[in-house]
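Remarks on the overall topology
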Amino acid sequence: MSREGAKKGQSVAFAVTWLAYATYYLGRKGFSVTKARIVKELGLGEGMLATIDTGYLAAYAIGQFTSGLIGDRIGARKLVAGGMCVAAITCAAFGQGTSAVILLVAFTLNGFAQSTGWPGTTKAMTEWTRPETRGSVMGLWCTCYQVGGMVATWFATWLLAHYGWRSAFTAPAVCIAAVGALVFVTLRPGPYVLVDGTVASRRLAGRAVLRSPILWSYGCAYFFIKLMRYSFLFWLPYYLHTALGLGEVQAGYLSISFEVGGVIGAVSIGIVSDRLTTVSRSLVAATGLVGLAGALFLYARLGPSSPVLQFTLMALVGALLFGPDSLVSGAASQDAGGPEAAARATGFVNGVGSVGALLQGYVTVGIRKAFGWSAVFYVFVGLALLSAAALAPTFRRTRAFSGASLA
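My aim in this report is to walk through the structure given alongside it, one point at a time. (Residues numbered from 1 in each chain as written. Predicted model: local features only at pLDDT ≥ 70, side-chain atom pairs only at ≥ 80, totals over all residues. Heavy atoms only, no water.)

1. Digging into the overall build of the protein chain
Looking only at helices and strands, the protein chain features 17 helices and zero strands. Here the C-alpha radius of gyration of the protein chain, 20 Å, is about what a compact globule of 407 residues would show, namely 22 Å. Overall size of the protein chain, expressed as C-alpha extent along the three principal axes, is 55 × 40 × 35 Å. For the protein chain, with 407 residues in total, the buried portion stands at 59%. Across the protein chain, contacts joining residues at least 24 apart in sequence account for 85% of those joining residues at least 6 apart. (Helix = DSSP H or I, 4+ residues; strand = E, 2+ residues; numbered from the N terminus. Rg over C-alpha atoms; globule rule 2.2 N^0.38 Å. Buried < 20%, exposed > 50% of the residue type's maximum accessible area, 1.4 Å probe, protein only. Contact = heavy atoms within 4.5 Å.)

If you want it as structure tokens, here you go:
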């Protein structure tokens, strides 16, 4: 492949995978925005809302492991395109649901479909990025799930306000299907794929993922990170509406502050991790997590006092949460996995993290019921520090760029 062809191919891969993963969020954020309306119209309680969240997240966690395995075998294009097609169908089905059982089944199946996104798109980006610039490239690329979250929240809120809660699922389903078709047509393998890898070498790399102490540390840290992130993603609009008294629409729009900060955090930490070549990416991430603990403490004490301060502090929380999130689950995991096991490495870390996300509904609701909303944020302070501590065994680890290094 010529240098010009490689540059063009990288731009196409970056654009189409960025768009694809951002679009996946259209099928996720509708539920968090419409929870209050669904409660009113279908009579569901907080416990059932948490159960639906849990069904989705359980399927998503299991799917991360299987999607990583499948992705390294069939390639990113087929995995992502097929996953988006199924995600579109299940999202539309949720929008037509009339009972708790239907919503639970549809959202659980949606979780399986959504799980194809991260292993598939990060595998594609591994094939199109040099390890030396991976932090910066992936930091910019990882804005897909902050921007995707923002747009999805805004879109779902707008649809809720104008056409009712069901439209917040049926309209996004069309968008997801269209982008899935685009991925199938345009995405191709990159120059950093190991075309000469044997079946035996791929199996060896896959087994190395499960034995890797590096990835287990990343996964443990991501367990706490993702528990916090999904608590905000799934419950922030509900908190703003029920605890602070904001209207449904205002709460939906204000919650976007979380992802606004996330964009800044992901880009900044990626650049920093590339420039500090003598420092492990995990140490950079842990530093951000300690800062997150401080930001969460400030939010618990000062956040509800005014809308402006609410937006500012939540943006700070988003920056210091999404930054380490993107680094641990993206560039650091790709470095560890290498070309042969990129999908399995990122899928493994995201899968372990998704177990934490699986618990967020019961953790958030349980703490809120027992001690109030303020206690939720204080608990998150502790979780941020635990996630930083989980990364400590990898602080002195030199950067490794091949699957063989996992063992």
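From this point, the narrative continues.
2. Details of helix α4 (residues 76-95)
Taking 1.5 Å of rise per residue, 20 residues should cover 28 Å, and α4 covers 28 Å from first to last C-alpha, within 8% of that figure. Within α4, burial applies to Ala-76, Leu-79, Val-80, Ala-81, Gly-83, Met-84, Ala-87, Ala-88, Thr-90, Cys-91, Phe-94 and Gly-95. (Expected span 1.5 Å × (residues − 1).)

3. Comments concerning the packing of helix α3 (residues 46-74) against helix α11 (residues 213-242)
Look at α3 against α11: their axes get within 13 Å of each other, and the N-to-C directions meet at 140 degrees. Looking at the two axes, α3 sits oblique to α11. Between α3 and α11 lies a crossing whose hand is right-handed. Where α3 approaches α11, its residues Glu-46, Leu-49, Ala-50, Asp-53, Tyr-56, Leu-57 and Tyr-60 are matched on the opposing element by Lys-226, Tyr-230, Phe-234, Trp-235 and Tyr-238. Here the contact of α3 with α11 is built from residues that sort into nine nonpolar, no polar and three charged. (Axes fitted to C-alpha atoms, helices over the stretch in contact; angles between N-to-C directions. Parallel < 35°, antiparallel > 145°, perpendicular 65-115°, else oblique. Left-handed = near helix turned anticlockwise from the far one by under 90°. Nonpolar A, V, L, I, M, F, W, Y, C, P; charged D, E, K, R; others polar.)

4. Concerning the packing of helix α6 (residues 117-127) against helix α15 (residues 307-337)
With their axes 11 Å apart at the nearest point, α6 and α15 run at an angle of 55 degrees to one another. When the axis of α6 is compared with that of α15, the two are oblique. In this structure, the crossing between α6 and α15 has a hand that is right-handed. In contact with Trp-118, Thr-122, Met-125 and Thr-126 of α6, α15 contributes Ser-329, Gly-330 and Gln-334. In terms of residue class, the contact of α6 with α15 is built from two nonpolar, five polar and no charged.

5. Digging into the packing of aromatic side chains
The geometry of an aromatic ring pair is captured by the separation of the ring centres together with the interplanar angle, meaning the angle of the planes. Using the criterion set out here, one finds 30 aromatic pairs in the structure. Pairing Tyr-21 with Trp-141 gives two aromatic rings, centres 6.4 Å apart and planes at 35 degrees, and the pair type is tilted. Highlighted residues: Tyr-21 in helix α1 (residues 3-24) and Trp-141 in helix α7 (residues 134-141), separated in sequence by 120 residues. Seen from their ring centres, Trp-216 and Phe-348 are 4.9 Å apart, and the 85 degrees between their planes marks the pair as edge-to-face. (Phe/Tyr/Trp six-rings, centres within 6.5 Å; stacked < 30°, edge-to-face > 60°.)

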